Number of protein chains: 2
Amino acid sequence: MEEVHHVVAPPHKSTFQKLKARLKETFFPDDPLRQFKGQPLKTKFVLGAQYFFPILQWGPNYTFQLFKSDLIAGLTIASLAIPQGISYAKLANLPPIVGLYSSFVPPLVYAVLGSSRDLAVGPVSIASLVLGSMLRQEVSPTTDPLLFLQLAFTSTFFAGLFQASLGILRLGFIIDFLSKAILIGFMAGAAIIVSLQQLKSLLGITHFTKQMGLVPVMTSVFHNVHESIRKPKLFWVSAGAPLVSVIISTILVFAIKGQNHGISVIGKLQEGINPPSWNMLRFHGSHLGLVIKTGIITGILSLTEGIAVGRTFAALRNYKVDGNKEMMAIGFMNVVGSFTSCYVTTGAFSRSAVNNNAGAKSAVSNVVMSVTVMVTLLFLMPLFQYTPNVVLGAIIVTAVIGLIDIPAACLIWRIDKFDFIVMLTAFFGVIFISVQHGLALAVGLSTFKILLQITRPKTVMLGKIPGTDIYRNLHQYKEAVRVPGFLILSIEAPINFANITYLNERTLRWIEDEEDNKKEYSSLQFVILEMSAVSAIDTSGISLFRDLKAALEKKGIELVLVNPLAEVIEKLKRVDEADEFIPAQNLFLTVGEAVASLSTAMKNQSTIPEGAHTIMPHY
Amino acid sequence: MEEVHHVVAPPHKSTFQKLKARLKETFFPDDPLRQFKGQPLKTKFVLGAQYFFPILQWGPNYTFQLFKSDLIAGLTIASLAIPQGISYAKLANLPPIVGLYSSFVPPLVYAVLGSSRDLAVGPVSIASLVLGSMLRQEVSPTTDPLLFLQLAFTSTFFAGLFQASLGILRLGFIIDFLSKAILIGFMAGAAIIVSLQQLKSLLGITHFTKQMGLVPVMTSVFHNVHESIRKPKLFWVSAGAPLVSVIISTILVFAIKGQNHGISVIGKLQEGINPPSWNMLRFHGSHLGLVIKTGIITGILSLTEGIAVGRTFAALRNYKVDGNKEMMAIGFMNVVGSFTSCYVTTGAFSRSAVNNNAGAKSAVSNVVMSVTVMVTLLFLMPLFQYTPNVVLGAIIVTAVIGLIDIPAACLIWRIDKFDFIVMLTAFFGVIFISVQHGLALAVGLSTFKILLQITRPKTVMLGKIPGTDIYRNLHQYKEAVRVPGFLILSIEAPINFANITYLNERTLRWIEDEEDNKKEYSSLQFVILEMSAVSAIDTSGISLFRDLKAALEKKGIELVLVNPLAEVIEKLKRVDEADEFIPAQNLFLTVGEAVASLSTAMKNQSTIPEGAHTIMPHY
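Just so it is clear, the model here is predicted, and its values are computed rather than measured. (Residues numbered from 1 in each chain as written. Chains lettered and ligands numbered in written order. Predicted model: local features only at pLDDT ≥ 70, side-chain atom pairs only at ≥ 80, totals over all residues. Heavy atoms only, no water.)

1. What to know about the packing of helix α4 (residues 64-91) of chain B against helix α15 (residues 364-380) of chain B
All names here are of chain B.
Right, so step 1: In contact at an axis separation of 7 Å, α4 and α15 are set at 50° when each is read in the N-to-C sense. Between α4 and α15, the interaxial angle falls into the category oblique. Once α4 is placed against α15, the crossing between them reads as right-handed. Residues F67, D70, L71, A73, G74, L75, I77, A78, A81 and I82 of α4 touch α15, and the partners they reach there are V364, S365, V368, M369, T372, V373 and T376.
Right, so step 2: The residue inventory of the contact of α4 with α15, partitioned by class, reads 12 nonpolar, four polar and one charged. (Axes fitted to C-alpha atoms, helices over the stretch in contact; angles between N-to-C directions. Helix = DSSP H or I, 4+ residues; strand = E, 2+ residues; numbered from the N terminus. Parallel < 35°, antiparallel > 145°, perpendicular 65-115°, else oblique. Left-handed = near helix turned anticlockwise from the far one by under 90°. Contact = heavy atoms within 4.5 Å. Nonpolar A, V, L, I, M, F, W, Y, C, P; charged D, E, K, R; others polar.)

The following block contains the structure:
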């Protein structure tokens, strides 16, 4: 009989070695210590310092040329950051000035720790919205503003703590579970909620629901709609760019003394930079549960945004950001923020794009922005006194409307219907239930899909592509043909407790279907399981083969395995050293070789597939 | 250039067709309606009736010969069922007689509906234990026995309802999540808890903790241990077979008037068969939550045992049991039971084995047992008056000790360390926390493992097995060799939102490793991704290829895909009809063909792999 290549188990490894390898792949897939290998101690130290403070990496060779571009970029994003900062703070039901505080300290921290060159750090709409709405469930920002502020800072602290620990414990993959589909749906939903809420200031509605849900918001809007006739003219200001509209409207209000004609304005803001706030953190009392929950959710959301932005621009400009390192940077930034009167911040989509377009070369643009904000805080605050709240509302709306990504939604519909459903779940969940529950539902659903793929793995029948010894899915490759006497199935998932029952039933049904139309094919003699896609197997999985073999023997059919991968063959060998239930001669490297050598072995020569001789390997 | 076989997408199917196919595979993998196809209406009706009442299938050709074996088997299991019924009822803190009721009605129902020939139906230790201990958390069986009984029947009702709906909704795969490892750990843990609890009657401890946890039980035991000296002689009776020990001990007690010397006995039991109990079901009040939870957990556990037993013996004796149908049968059996003073019942491991050994041929053995129990209920109850409780305790202990399966545990350790950990989790969880939490922990852990496999899929480097065009894992097949200029990676999991970040990073790291040791290999020109194991892909998955291609282009490396399966190629084509990011000439059917045709295409002829000519397909 012609040469056949045998399936071998991988070289033996101790449980400890395996565990070590597995842990490394799980937690250190990027192998961060690679660069340290074989370096002198001094270099190691320098590299270590550079790892934690990327500024030491790019700082030394930073030039005046680079600075010029960073200066322009920095001023540009500052002109966005100031009005947005004020607006988003209001979105989070916080005093406007906290928005500016949050645009001052965090960017400085990130400039030292962050590894992205394009991230523009500051408050973002989503996190602000979620923070505000979640805390509002227990504490009213109007009746008890101080407590609300304390909870906001405490939540920010927990958000940072959570983000940093994700990075330190290298559990970054947790944020991967907020899939693109979920984010698109979620952001669209959030945008709608925010816009509706802003109708408040846009329509000048004074009493407004504290609920997040769509229904109450709508009713509240329509209930107050009669007031909305009062000053619709200001509504259209929202068209203009943030800063311009702020300036114009402020001058306008100042000129016409609008504040006396019922136009609500920001009002006096105290000057000076961030006061310390560590004394405001509350780690006790009845609201602890809420702030921790809020911290975790805003933490995940802002982290997702920050990491996504970082990765996007890094890929665009061909440099690398280390996910786990970014998490530590953003996390530490928020912890420091919570000590210095800042609330949750991260890298903002919109501003980072502007930053990049304006030609930012490094994190210095963040420093420039931060300094600009500082100057504003120190000297320009009086100017904002007359800024009408309606403009801030307009700024928020224009910002969040941009989050609704219809084309992406269409693409998802085109590619994967289930992802589309997940997207809708996030969308409607956020609108009709709540941010946290909407997200939880969507994540649960998409996780359930993965489990379902495991619980109901595909088993496809393979056929021979004529004139080759390649065997492929009969359904996909129309030219492929069955080989008489053989049933060749490919199992397309790891085999484990969750699917052995199904695989057992399904395989037996394939065989019954065969026997039902025996007339067409000569009676079945071999069932070949192509295992190339079975990446893993567990205890229950092993028992599947034993059961299958037993069931097949009763029908006088032989069970043959093709190309079991390392883990599978290893465990098979371990459970029956005696090769009692899968003898070595029933293990093959390719379906071609299996069919070739088994056909020759077959008693009934007439069942050799036509052209079988061409199948014999040519070695 | 030599002929190359092209990757094709499967024939187009509408979303609805796909959905239909998917739902069928998910919920009807066994295709239950197959037998109905193309049958005349009358046959269809008969088949339908037989589907719901298997007795119509085997009833007609039931012979006296068969009956004789069933009679013997039936009497044998009755001799087990009566003492065990009484004992397990006490284990569930229910009046002993309920155990006999539960061995009378359910077997009759199962005989009509069930499709297994070997299942011996009745109360089982695990379910009894869980039912008793869970209900005891809120209601004391001693101070409020009636309420306790009501809750037990109501839980039984919900258990049956849940089991039946699993069958009707075809969600049977849910019980698969109680993997073998979990059950082994759980049963061992439960056995230990039960045995400790039974020390109560064995040592004649009168006041006993109502807690389940090991610690309280132990303390309570040792606290009462001084009493245990009183009558240790009875302890050894537990050695004998249940019925014998019951008879002997009863006679003994009766003879020595033991009940007057502090030996606690069952005492008077009223005669007569099951009274109706539908009026005792409580669907309102404060305990509803508990009974539903208890119903679901006992339901799942008893279902798992029943189905497992059924499948085991069906495989042994080469007939089929339909999982979903069995669930309906067991579920309906319990619903009827809850109306007729029975508590949760199912097919018992131990008794079914006895039943099978005693030569049972059909469900008639259950009928025989049931009739025997009926006779007992009607006429023999007075005999049990003097049966000492200690014997019942002994019976329980001997029964549950058999559930501890050390060899199976060792096998699991040999095959899969993680499964072993899961097993230990179930074991210690049940002992130290509680049944429901122990199980939840173990299930959660094993589900987490599956998700981890998806989140961190294996990527292995392939090499050419000399003298063939077969490419396999370099680590597994030592003889395999790298092909200069190529990096051939096999991705061994579906690609989705949960792993694209990892796959992206990991692949780029493979490439960097390559570039680091350029000296050994000629510089990298092609990265080939072998996709045979990528059974599914989602929206995010598609974006992985776009990102990878972009990243590779920057390094002047081409991305090549080999053997993308139906779903993958389909979605790829759908997203870029223009083949803009994976052009057709970068798709191949086998790695061999890819390497062959790309090497010839390579500028630098020197990088053709040695022996490349043998790679050219010989068609």
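2. What about the pattern of salt bridges?
Right, so step 1: Counted under the stated rule, the structure contains 16 salt bridges over all chains.
Right, so step 2: One salt bridge connects K571 of chain B with D416 of chain A, and the closest N-O pair in it is separated by 3.2 Å. With K571 of chain B in helix α22 (residues 566-575) and D416 of chain A in the loop between α17 (406-415) and α18 (417-433), this pair bridges two chains.
Right, so step 3: We classify K571 of chain B as buried; its relative accessible area is 8%.
Right, so step 4: Residue classification places D416 of chain A among the buried positions, given a relative accessible area of 4%. (Salt bridge = Lys/Arg side-chain N within 4 Å of Asp/Glu carboxyl O. Buried < 20%, exposed > 50% of the residue type's maximum accessible area, 1.4 Å probe, protein only.)

3. What about helix α14 (residues 349-357) of chain B?
Residues and elements named next belong to chain B.
Right, so step 1: Taken as a whole, α14 has its buried residues at R351, S352, N355 and N356. Down the axis of α14, the sector holding all buried residues measures 140°, keeping them to one side.
Right, so step 2: Taken together, the buried residues of α14 touch α4, β1 (121-122), α12 (288-316), β2 (346-347) and α15. (Arc of directions from axis to C-beta.)

4. A closer look at the relation of the copies chain A and chain B
Right, so step 1: By a simple turn and slide, chain A fits onto chain B: the slide is 0.0 Å along the axis, the RMSD is 0.1 Å, and the turn is 180°. This pairing of chains is accounted for by a two-fold axis. Taking C-alpha positions as reference, the residue of chain A nearest the rotation axis is A533 of chain A, located at 1.9 Å.
Right, so step 2: The overlap is high: 100% of the interface residues of chain A also sit at the interface in chain B, so the same surface is used on both sides. (Least-squares fit on C-alpha atoms with pLDDT ≥ 70 in both.)

5. Concerning the side chain of E570 of chain A
Residue and element names in this part refer to chain A.
Right, so step 1: Looking at where E570 falls in the secondary structure, it is placed in helix α22 (residues 566-575).
Right, so step 2: What makes E570 buried here is its relative accessible area of 16%.
Right, so step 3: Residue contacts for E570: discarding those within four places in its chain leaves A9, P10 and K18.

6. Some remarks on the sheet that holds strand β6 (residues 526-530) of chain A
Residue and element names in this part refer to chain A.
Right, so step 1: One open sheet accounts for six strands, arranged β4-β3-β5-β6-β7-β8; its pairing is mixed. Strand pairing shows two members of the sheet lacking a second neighbour, β4 (471-473) and β8 (587-588), which therefore form its edges.
Right, so step 2: Examined bridge by bridge, β6 and strand β7 (residues 558-562) share five bridges and lie parallel to one another. Residue pairing for β7: E530 is matched across the bridge by V562. (Pairing = 2+ DSSP bridges.)

7. Side note on unusual backbone geometry
Right, so step 1: We note that N93 of chain A has phi near 60°; this positive angle belongs to a residue other than glycine.
Right, so step 2: Relative to the helices and strands, N93 of chain A is located in the loop between α4 (64-91) and α5 (96-101).
Right, so step 3: You will see that R170 of chain B, though not glycine, has its phi angle at about 55°, which is positive.

8. Focus: the packing of helix α21 (residues 539-554) of chain B against α22 of chain B
Residues and elements named next belong to chain B.
Right, so step 1: Look at α21 against α22: their axes get within 10 Å of each other, and the N-to-C directions meet at 70°. Classified by the interaxial angle, the pair formed by α21 and α22 is roughly perpendicular. You can see that α21 and α22 cross each other, and the crossing is right-handed. Of α22, the residues touching α21 (which contributes I542, F545 and R546) are K571, L572 and V575.
Right, so step 2: When the residues that make up the contact of α21 with α22 are grouped by side-chain class, the tally is four nonpolar, no polar and two charged.

9. Re the environment of Q197 of chain A
Right, so step 1: Position of Q197 of chain A relative to the elements: it lies in helix α9 (residues 180-202).
Right, so step 2: C-alpha separation for the pair Q197 of chain A and V397 of chain A, spaced 200 residues apart in sequence, amounts to 9.3 Å.

10. Some remarks on a nonpolar patch on the surface
Right, so step 1: Taken together, I273, V371, V375, L378, F379, L380 and L383 of chain A make up a surface patch of nonpolar side chains, about 580 Å² in accessible area.
Right, so step 2: By the secondary structure assignment, F379 of chain A is in helix α15 (residues 364-380). (Patch = residues over 30% accessible without salt bridge, like charges linked within 9 Å, V, L, I, M, F, W, Y side chains within 5 Å. Areas by Shrake-Rupley, 256 points an atom, 1.4 Å probe, with all protein chains shown as cover.)

11. Overview of the interface of chain A and chain B
Right, so step 1: On the side of chain B, 94 residues touch chain A, which itself brings 94 residues to the contact.
Right, so step 2: Where chain A abuts chain B, roughly 8300 Å² becomes buried across the two surfaces, and 55% of that area is made up of carbon and sulfur atoms.
Right, so step 3: Here chain A is connected to chain B by four salt bridges.
Right, so step 4: With its nearest N and O atoms 3.0 Å apart, the salt bridge here joins K458 of chain A to E567 of chain B.
Right, so step 5: At the boundary of chain A with chain B, the tally comes to 22 residue pairs in polar contact (both at pLDDT 80 or more).
Right, so step 6: In terms of residue count, the dominant contributor to the side of chain A that touches chain B is helix α19 (residues 435-455) of chain A (nine residues).
Right, so step 7: The residue inventory of the side of chain A that touches chain B, partitioned by class, reads 36 nonpolar, 24 polar and 34 charged. (Buried area = accessible area lost by both parts, 1.4 Å probe. Polar contact = N/O pair within 3.5 Å; in protein donor to acceptor, adjacent residues only side chain to side chain.)

12. Brief notes about the side chain of N324 of chain B
Right, so step 1: When you line up the elements, N324 of chain B lands in helix α13 (residues 323-339).
Right, so step 2: Ignoring anything within four residues of it in the chain, the contact list for N324 of chain B reads D30, L166, G167, R170, L171 and G172 of chain B.

13. Quick notes on the sheet that holds strand β8 (residues 587-588) of chain B
Residues and elements named next belong to chain B.
Right, so step 1: One open sheet accounts for six strands, arranged β4-β3-β5-β6-β7-β8; its pairing is mixed. Whereas interior strands pair on both sides, the edge strands pair on one side only; in this sheet they are β4 (471-473) and β8.
Right, so step 2: Across the sheet, helix α20 (residues 500-516) lies against β3 (459-464), β5 (486-491) and β6 (526-530), angled at about 150° from β5, the strand it touches most.

14. Overview of the confidence of the model for chain A
Residue and element names in this part refer to chain A.
Right, so step 1: Here chain A shows a mean pLDDT of 80. Residues at 70 or above account for 87%.
Right, so step 2: Between the elements of chain A, mean pLDDT differs from a low of 34, seen in helix α24 (residues 612-615), to a high of 93, seen in helix α8 (residues 145-168).
Right, so step 3: Confidence drops under pLDDT 50 across residues 604-619; counting only partners more than four residues distant or on other chains, this segment forms 26 contacts.
Right, so step 4: The ipTM, which scores confidence in the relative placement of chains, is 0.79 for this predicted complex, and the corresponding pTM is 0.78. (pLDDT = per-residue confidence, 0-100.)

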